[in-house]
Amino acid sequence: MKRFLEGLGGLLLVAGVAGVIRELTGGWFHFMGLTRFLTENVWFLEGRELFANMVVAVLGLVLAIAGGRISKAKA
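Keep in mind that this is a model prediction, so the values were computed, not measured.

1. As for the overall build of the protein chain
Helix and strand counts for the protein chain stand at three helices and zero strands. When the helices and strands of the protein chain are placed in sequence order, the string is α-α-α. Taken along the three principal axes of its C-alpha coordinates, the protein chain extends 50 × 25 × 15 Å. Contacts spanning at least 24 positions in sequence make up 63% of the contacts within the protein chain whose residues lie at least 6 apart.

And the structure:
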């Protein structure tokens, strides 16, 4: 579970940061738009792409930190 949370958190962090960079540069980096599919297909995120990408990055950071704090149960 620890490695899963760390891996998922790292993936979300990278995707969120890449989405923020993509939005700040005006969409120049199309290959960095992993979260573009989320922001284009969800109606209430239209016009809030930068905010949505920041939320994804923060969520990834929180998951990575939470995964790092989980200790293995000693048997």
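After that view, the rundown keeps rolling.
2. Focus on a nonpolar patch on the surface
The grouping of M1, F4, L8, L11 and I70 at the surface amounts to a nonpolar patch, some 530 Å² of accessible area in total. Looking at where F4 falls in the secondary structure, it is placed in helix α1 (residues 2–24).

3. Focus: the packing of aromatic side chains
Evaluated as defined, the whole model comprises one aromatic pair. Here W43 and F44 contribute two aromatic rings whose centre-to-centre distance is 5.5 Å and whose plane-to-plane angle is 85 degrees, an arrangement assigned as edge-to-face.

4. Structural notes on α1
The terminal C-alpha atoms of α1 lie 33 Å apart, and with 23 residues this matches the ideal 33 Å at 1.5 Å per residue to within 8%. Turning to α1, its buried residues are L5, G9, A15, G16, A18, G19, V20 and R22. Looking at the buried residues of α1, the elements they touch are α2 (36–41) and α3 (49–69). Once α1 finishes, G26 follows within two positions and takes phi at roughly 80 degrees, a positive value.

5. Description of the pattern of salt bridges
Within the structure shown, the criterion is met by one salt bridge. The shortest N-O distance in the salt bridge between R22 and E23 comes to 3.2 Å. In this structure R22 comes out as buried when scored by relative accessible area, which is 11%. Of the residues examined, E23 reaches a relative accessible area of 27% and is grouped as partly exposed.

Cut-offs applied
- Residues numbered from 1 in each chain as written.
- Predicted model: local features only at pLDDT ≥ 70, side-chain atom pairs only at ≥ 80, totals over all residues.
- Heavy atoms only, no water.
- Helix = DSSP H or I, 4+ residues; strand = E, 2+ residues; numbered from the N terminus.
- Contact = heavy atoms within 4.5 Å.
- Patch = residues over 30% accessible without salt bridge, like charges linked within 9 Å, V, L, I, M, F, W, Y side chains within 5 Å.
- Areas by Shrake-Rupley, 256 points an atom, 1.4 Å probe, with all protein chains shown as cover.
- Salt bridge = Lys/Arg side-chain N within 4 Å of Asp/Glu carboxyl O.
- Phe/Tyr/Trp six-rings, centres within 6.5 Å; stacked < 30°, edge-to-face > 60°.
- Expected span 1.5 Å × (residues − 1).
- Buried < 20%, exposed > 50% of the residue type's maximum accessible area, 1.4 Å probe, protein only.

Taken by themselves, the reported measurements are silent on function.
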